Amino acid sequence: MSTQPVPTDAAAVKAADRAHVFHSWSAQGLIDPFVVAGAEGSYFWDHDGNRHLDFSSQLVNTNIGHQHPKVVAAIQEQAARLCTIAPGFAVDVRSEAARLIAGRTPGDLDKIFFTNGGAEAVENAVRMARLHTGRPKVLSAYRSYHGATAAAINLTGDPRRWPSDTASAGVVRFWGPFRYRSPFHAETDEQECERALRHLEDTIVFEGPGTIAAVILETVPGTAGIMVPPPGYLPGVRELCDRYGIVLILDEVMAGFGRTGRWFAADHFGVVPDLLTFAKGVNSGYVPLGGVAISAEIAATFEERPYPGGLTYSGHPLACASAVATINAMAEEGIVENAARIGEDVLGPGLRELAGRHPSIGDVRGLGVFWAVELVRDRRTREPLVPYAATGGANAPMAAVTAAIKEAGVWPFVNMNRVHVVPPCTITEAEAKAGLAALDHALTVADRYVA
C-alpha cells in the first residue's frame with residue numbers, strides 16, 4: 001500500500017500517473033498526459049488555470065458539457081439515497097431511465113438492457129441477434145468502430161482491430177457508402193447509394209442469407225470519419241434485412257443523444273432498427289452507462305427463454321440517476337435543438353468557408369455538432385495529408401496540425417488525416433466561432449504540405 005500523500009499539484013499528479021496508471025491505446029513510455037485540474041461547460045483547465053475549449057467533447061461523449069449542475073446534483077442526491085443495488089431488483093431510478101430512453105428511441109424499441117458502456121452494448125446486441133435468429137455471422141463495415149471488447153473489436157473496421165483480430169468471430173466485412181473516397185467509383189450520391197446497396201446484397205447472397213444473424217452499422221460512422229450516409233441508403237439496408245430475415249443493429253454510441261441535432265441519428269433517415277446500441281451522450285459520461293434498446297419481436301424471444309447475459313453494474317443507480325437528469329436537462333434546455341442550430345448556422349457554414357481558403361481541406365461533412373474536416377496533400381488526387389494508419393514520422397504533418405490547434409487553446413479530436421469538430425451539444429455560437437478561428441490558424445500549417 002502506498003504511503004505517498006494524495007497529489008495536490010500538477011507535478012504530483014503527473015508523477016503518480018506515470019508511476020501507476022496504464023493508459024489505453026498508448027505506448028506507455030511515449031506519452032505525456034495533460035494534467036486536468038477542473039472543467040465546466042465547454043472548457044477544461046490545468047493547475048495553472050490554462051483553459052482549453054473542448055472541441056472533442058473528451059471522447060465525443062460530454063454532450064451536455066462538463067459539470068452540468070442538474071446532473072451533478074442528481075448523482076449526489078442518488079448517492080445519499082441508494083448508491084447501488086443488484087440488477088435483478090426493480091428500482092425507481094432505473095425504471096425511469098429506461099422509460100425516458102425508450103420514449104426517445106425510434107419505433108418499438110421499448111425494452112432497455114443496461115450495460116457499462118458502448119462496447120458491452122454491442123457485445124450484447126450481437127448476442128441477442130445470434131440467439132434470436134439462430135445464425136452465426138454478423139456483417140460490419142470496414143470504416144467503423146464498435147468498441148474494444150472481444151466481439152466488438154472484431155466487428156470494428158479501423159486499424160485498432162488488427163492486433164486483436166482472431167479472424168474467427170463470425171464477422172464478414174463490407175464497404176459502406178463514402179462518396180468522397182468511393183469504393184464504387186460513384187460520381188453522385190444516387191450512384192453511391194445504389195452501388196453500395198448492390199454490394200451489400202451481393203455480400204449477403206454469397207455469404208448465405210441463412211447464415212447471417214445481423215448487419216451492424218454506425219448510423220453515422222464516428223471515429224472512422226463522420227460519413228453521413230447518402231439519402232436512401234439506410235432505408236435500403238432496412239429493406240435488405242427484412243427481405244433476408246436479418247437483424248439490423250444501429251450503433252448510436254457516438255451519434256446518439258443529440259450529437260447529430262436529433263435525439264438519435266436514425267431520426268434523420270426514418271429508419272427503425274431491431275436493436276440500437278447507446279452510451280456516451282446518454283449521461284455525458286458522468287458515470288459509466290450504456291445499453292441496448294430492443295424491439296418487441298426480439299424482446300419476445302426472451303419472454304420464457306432466459307437471456308444468457310448480464311453485468312453486476314447493469315442499470316447502476318448512480319449511472320441511471322445521471323441519465324435521468326441528463327435527458328431531462330436536454331429536453332428542458334433545448335440542447336438537441338441547440339446542436340442542430342449550431343451545426344446548421346455556425347459549424348457547417350464556417351467549415352465550408354475555411355475550405356474555400358485552405359487548399360489542405362479536401363472535404364467537409366457532418367450534422368449537428370458532428371463534423372469532419374478531411375485534410376489532403378492534393379485536392380485533385382485526394383491524396384490524404386498522411387497515409388492510412390500513419391505513425392511516427394509519417395504522421396508528422398497531422399501531429400503539427402494538432403499541436404497548432406492546442407497552442408490556440410482548443411483541444412481537438414484528430415484521427416488519421418482528419419480533424420473532427422465535435423464540441424458539446426451545449427456549445428454557444430461564440431465558443432464555436434472561437435474554435436473555428438483556432439482551426440483556421442492551424443490549417444495554415446496543413447497548407448504547407450499541399451503539393
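Data block above holds the structure.
Residues numbered from 1 in each chain as written. Predicted model: local features only at pLDDT ≥ 70, side-chain atom pairs only at ≥ 80, totals over all residues. Heavy atoms only, no water.

### Brief notes about the pairing of strand 12 (residues 370–378)
Alright, step 1. Counting buried positions over the nine residues of strand 12 gives eight, a clear majority of the element.
Alright, step 2. With four bridges joining them, strand 12 and strand 16 (residues 418–421) adopt antiparallel strand pairing. Note that in strand 16 the partner of Glu-374 across the bridge is Arg-418.
Alright, step 3. When strand 12 meets strand 13 (residues 383–384), the two strands line up antiparallel, connected through two bridges. Bridge assignment links Val-376 to a residue of strand 13, and that residue is Pro-384.
Alright, step 4. Counted between consecutive antiparallel strands, the loop separating strand 12 from strand 13 contains four residues, among which Arg-382 sits at a positive phi close to 65°. (Buried < 20%, exposed > 50% of the residue type's maximum accessible area, 1.4 Å probe, protein only. Helix = DSSP H or I, 4+ residues; strand = E, 2+ residues; numbered from the N terminus. Pairing = 2+ DSSP bridges.)

### Comments concerning the nonpolar core
Most often, soluble globular proteins keep nonpolar side chains buried together rather than apart.
Alright, step 1. Among the nonpolar cores identified, the biggest contains 69 residues, and Phe-114, Leu-347, Leu-351, Leu-375, Val-401 and Leu-439 are the most heavily contacted of them.
Alright, step 2. Ignoring any residue separated from it by four or fewer positions in sequence, one finds Leu-439 in contact with Leu-351, Leu-354, Val-373, Ile-405, Val-419 and Val-421.
Alright, step 3. With 35 residues, the next largest nonpolar core counts Phe-184, Tyr-233, Met-254 and Ala-372 among its residues. (Core = buried A, V, L, I, M, F, W, Y, C linked by side-chain atoms within 4.5 Å. Contact = heavy atoms within 4.5 Å.)

### Some remarks on the packing of helix 11 (residues 335–357) against helix 13 (residues 429–447)
Alright, step 1. Close contact between helix 11 and helix 13 brings their axes to 10 Å; oriented N to C, the two are set at 15°. Here helix 13 runs roughly parallel to helix 11, going by the angle between their axes. Viewed along their axes, helix 11 and helix 13 form a crossing whose handedness is right-handed. Residues Arg-341, Ile-342, Val-346, Leu-347, Gly-350, Leu-351, Leu-354 and Arg-357 of helix 11 form the contact with helix 13, whose own contacting residues are Glu-429, Ala-432, Lys-433, Leu-436, Leu-439, Asp-440 and Leu-443.
Alright, step 2. Each residue belonging to the contact of helix 11 with helix 13 can be placed in one class, and the counts come to nine nonpolar, one polar and five charged. (Axes fitted to C-alpha atoms, helices over the stretch in contact; angles between N-to-C directions. Parallel < 35°, antiparallel > 145°, perpendicular 65-115°, else oblique. Left-handed = near helix turned anticlockwise from the far one by under 90°. Nonpolar A, V, L, I, M, F, W, Y, C, P; charged D, E, K, R; others polar.)

### Looking at the packing of helix 4 (residues 92–102) against helix 10 (residues 317–333)
In helix packing, the relevant descriptors are the interaxial angle and the interaxial distance, both defined with respect to the helix axes.
Alright, step 1. The geometry of helix 4 relative to helix 10 is characterised by a closest axis approach of 8 Å and an angle of 40° between their N-to-C directions. In terms of axis orientation, helix 4 runs oblique to helix 10. For the pair helix 4 and helix 10, the crossing hand works out as left-handed. For the pair helix 4 and helix 10, contact is made by Val-93, Arg-94, Glu-96, Ala-97, Leu-100 and Ile-101 and by Pro-317, Cys-320, Ala-321, Ala-323, Val-324, Ile-327 and Asn-328, respectively.
Alright, step 2. Taken together, the residues of the contact of helix 4 with helix 10 break down into ten nonpolar, one polar and two charged.

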